[in-house]
Amino acid sequence: MTETKILLSEDEMPTHWYNIQADFPKPLPPVLHPGTGKPIGPDDLAPLFPMELIMQEVSQERFIEIPEEVRDVYRLWRPTPLIRARRWEKALGTPAKIYYKWEGVSPAGSHKPNTAVAQAYYNKRAGVRRVTTETGAGQWGSALSFACNLFGIECKVYMVRVSYDQKPYRRIMMETWGAKCIPSPSNETAAGRKVLAKDPNSPGSLGIAISEAVEEAAKREDTKYSLGSVLNHVMLHQTVIGLEAKRQFEKAGDYPDVVIGCVGGGSNFAGFAIPFVRDKMVDGNKVRVIAVEPTACPTLTKGLYRYDFGDTACTTPLIKMYTLGHDFIPAPIHSGGLRYHGMAPIVCHLYDLGFIEARAYRQNPVFEAAMSFTRAEGHIPAPETAHAIKAAMDEALHCKESGEAKVIALNASGHGHFDLTAYQKYMAGGLEDFEYSEEELQRSLKNLPRVGNSP
Ligand SMILES: *Cc1c(COP(=O)(O)O)cnc(C)c1O
């Protein structure tokens, strides 16, 4: 096999998403109501999400059809290529084979449109006219703006104030696709006004922006809320990545020994890895699966597996997940998409059951790996993606020592064209490494809710 890009035709694109809940040896822990401590039902979520997405959240069906209208939009950039990183292998001098699944070819430049398009579609079908969401650096906001535009839904994005001021390009992208993007905290919600009353110059946070987007959706009949990671239906939609990758490996006559993805809320990792995890869980395959996070937000490697709120303002239901505490504020690293205190329940369950491993890296070694990759392969990865690249590089260098010709597969979740300031700072030697002491981590872990957690 001498090809560099392993491609699928549009006809070979998966027709169904894979729902790993159907194959779990034990079910996911229930989501709890913070007041009563009782499991919540579909009706509790109905003000925020259309019913079809809520049903996907709890579905035990193994394969769920990707609606034709969604596949039709996917065809704009899917199937994405699986690329053999021959030049990088050579540069590293490794006997290992490295493959990367390149999600940077989507219109928004990352894997996020895979779920944004599906969510816009189900909202449209439910007669929803408007959706709200929050965005940090703007990756999710731009993906949802793109998707809503195609389905004729109004999209309003609460963007964290600092990013709104410092990173105008993602905001302009959202506006180009017809969305409304406003800085958070804003005067448009009670949650925003409360923060502004205390601090008119508040830089905002993802937690505040979530509270604003949720408040508006809960308040308005014609408006729902949309989330870009963490939830089960998001993981489901992202499995299109791994299902394609498996077919591509079949074509290449290969199968990975190691599967790698970076984790913020867990969606690109889960989407890529889950079809391979299935082979391990159901067929007893030996594939190693590695989730990579920053030391500045070490959710899986240093957090606790407890019930916690999904947001800082304590407005969401309680979710059992690895968490650093809902009031943990991660250091300002350049991988904005990886700065989340919690993690997708599906990823946490797999970690707890021992099907996946986790490791954390500091940002300077991560950028060093990104430079090595981009100088061999050309593509400039997002700083988030660079975490997966660093782990793949370590595995490949390990193979160099041991002489093993392992097959390493990583998910390249997005490009870094809007993150060039971070590259500039790295090249100028101005990036700071962050790591937390046990004491610092204990501070936010002390504030976990009592409900659901035995003392
Ligand atoms: C948002 C984002 C991430 C992190 O989110 P996950 O849900 O963990 O995938 C990673 N990479 C890119 C390029 C992103 O845009």
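Placed above this text is the structure.
Values in this document were obtained by computation on a predicted structure and should not be read as measured data.

**Q** Please explain the sheet that holds strand E10 (residues 258-262) as it appears in this structure.
**A** Whenever strands of a sheet pair, they do so through backbone hydrogen bonds, lying parallel or antiparallel. On the basis of which strands lie adjacent, the open sheet formed by seven strands has the order E1-E4-E5-E15-E10-E11-E14 and mixed pairing. The strands lining the two open edges of the sheet, one partner per strand, are strand E1 (5-6) and strand E14 (357-361). Here strand E5 (residues 97-102) pairs with strand E15 (residues 407-412) via six bridges, running parallel. Each residue of the ladder has a partner; that of Trp102, found in E15, is Ala412. Running at roughly 140° to E5, helix H11 (residues 232-252) makes contact with E1, strand E4 (82-84), E5 and E15 of the sheet.

**Q** Quick question: what am I supposed to make of the nonpolar core here?
**A** Generally speaking, a soluble globular protein has its nonpolar side chains buried in company with each other. In terms of nonpolar packing, the biggest core is built from 95 residues, with Trp17, Ile20, Tyr74, Val117, Tyr225 and Leu350 touching the most fellow members. Broken down by element, the residue count for this core peaks at nine residues, all from H11. Discounting chain neighbours no more than four positions away, the residues touching Val117 are Val70, Val73, Tyr74, Trp77, Phe146, Ala147 and Phe151. Grouped together as the second largest cluster of nonpolar side chains are 37 residues, Ala85, Leu338, Ala388 and Ala396 included.

**Q** I keep staring at the site of the ligand and nothing clicks. Help me out?
**A** Taken together, the neighbourhood of the ligand is formed by 18 residues, with Lys112, Ser229, Gly264, Ser267 and Asn268 sitting nearest. The side chain of Lys112 places a nitrogen or oxygen atom 2.6 Å from an oxygen atom of the ligand. Within the backbone of Gly265, a nitrogen or oxygen atom sits 3.0 Å from an oxygen atom of the ligand. Considered on its own, the ligand offers 380 Å² of accessible surface; in the complex 97% of this is hidden by protein. For the shell around the ligand, the class distribution of residues is four nonpolar, 12 polar and two charged.

**Q** Is there a simple way to explain the pairing of strand E8 (residues 180-184) in this structure?
**A** Taken residue by residue, a regular strand's side chains alternate between the two faces of the sheet. Across the five residues of E8, four count as buried, placing the element largely inside the fold. Summarising the sheet, strand E7 (residues 154-160) and E8 pair through five bridges and their orientation is parallel. Paired with Tyr158 across the two strands is Ile182, which belongs to E8.

**Q** I'm lost on the packing of helix H15 (residues 363-377) against helix H16 (residues 383-402) in this one. Help?
**A** What describes two packed helices is the angle between their axes and the distance between those same axes. The interhelical angle for the contact between H15 and H16, taken along N-to-C directions, is 80°, at an axis separation of 8 Å. With respect to each other, H15 and H16 are oriented roughly perpendicular. Residues Pro365, Val366, Phe367, Ala369, Ala370, Ser372 and Phe373 of H15 form the contact with H16, whose participating residues are Pro383, Ala386, His387, Ile389, Lys390 and Met393.

**Q** I keep staring at the sheet that holds strand E6 (residues 130-135) and nothing clicks. Help me out?
**A** Pairing within the open sheet is parallel, and its four strands lie in the order E8-E7-E6-E9. Edge positions in the sheet fall to E8 and strand E9 (223-225), since each has one partner strand and no second. Pairs of neighbouring strands in the sheet enclose a mean axial angle of 25°, with direction left out of account. Relative to the sheet, helix H6 (residues 139-151) contacts E6 and E7, its axis offset from that of E6 by approximately 160°.

**Q** How should I be thinking about the side chain of Arg359 in this particular structure?
**A** Checked against the element boundaries, Arg359 lands in strand E14. At 3.0 Å, the side chain of Arg359 forms a polar contact with the side chain of Tyr361. Beyond its immediate sequence surroundings of up to four residues, Arg359 is in contact with Arg288, Ile290, Ala291, Val292, Glu293, Thr301, Ala391, Asp394 and Glu395.

**Q** Explain the pattern of salt bridges to me, please; I cannot follow it from the model alone.
**A** Close approach of charged atoms allows side chains of opposite charge to pair. This model, assessed by the stated rule, comprises 29 salt bridges. Among the ionic pairs, Glu395 bridges to Arg359, the shortest N-O distance being 2.9 Å. Here the residue Glu395 occupies a position in helix H16, and Arg359 occupies one in strand E14, the gap between them amounting to 36 residues. The same class applies to Glu395 as to Arg359, namely buried.

**Q** Help me understand the packing of aromatic side chains, please; the structure alone is not making it clear to me.
**A** The geometry of two aromatic rings is summed up by the distance between their centres and the angle between their planes. What the rule picks out here adds up to 18 aromatic pairs. Measuring from centroid to centroid gives 6.0 Å for Trp77 and Phe146, while their planes differ by 65°, and the two rings are edge-to-face. Residue Trp77 is located in the loop between helix H3 (68-74) and E4, and its partner Phe146 is located in helix H6; the two are separated by 69 residues in the primary sequence. On the basis of relative accessibility, which here comes to 7%, the residue Trp77 falls in the buried class. With a relative accessible area of 5%, Phe146 lands in the buried category. Ring geometry for Tyr121 against Phe151: centres 6.0 Å apart, planes inclined by 65°, an arrangement best described as edge-to-face. Of this pair, Tyr121 sits in helix H5 (residues 113-125) while Phe151 sits in helix H6; the two residues are 30 residues apart in sequence, bridging distant segments of the chain. Among the aromatic residues, those joined into a cluster by ring pairs are Tyr99, Phe249, Tyr255, Phe272 and Phe276. Taking the ring centre of Tyr99 as reference, the NZ or CZ of Arg84 above it sits at 5.8 Å. Taking the ring centre of Tyr305 as reference, the NZ or CZ of Lys320 above it sits at 4.6 Å.

About the criteria used
- Residues numbered from 1 in each chain as written.
- Predicted model: local features only at pLDDT ≥ 70, side-chain atom pairs only at ≥ 80, totals over all residues.
- Heavy atoms only, no water.
- Pairing = 2+ DSSP bridges.
- Helix = DSSP H or I, 4+ residues; strand = E, 2+ residues; numbered from the N terminus.
- Contact = heavy atoms within 4.5 Å.
- Axes fitted to C-alpha atoms, helices over the stretch in contact; angles between N-to-C directions.
- Core = buried A, V, L, I, M, F, W, Y, C linked by side-chain atoms within 4.5 Å.
- Buried < 20%, exposed > 50% of the residue type's maximum accessible area, 1.4 Å probe, protein only.
- Near = heavy atom within 4 Å.
- Polar contact = N/O pair within 3.5 Å; in protein donor to acceptor, adjacent residues only side chain to side chain.
- Areas by Shrake-Rupley, 256 points an atom, 1.4 Å probe, with all protein chains shown as cover.
- Nonpolar A, V, L, I, M, F, W, Y, C, P; charged D, E, K, R; others polar.
- Parallel < 35°, antiparallel > 145°, perpendicular 65-115°, else oblique.
- Salt bridge = Lys/Arg side-chain N within 4 Å of Asp/Glu carboxyl O.
- Phe/Tyr/Trp six-rings, centres within 6.5 Å; stacked < 30°, edge-to-face > 60°.
- Lys NZ or Arg CZ within 6 Å of the ring centre and 35° of its normal.

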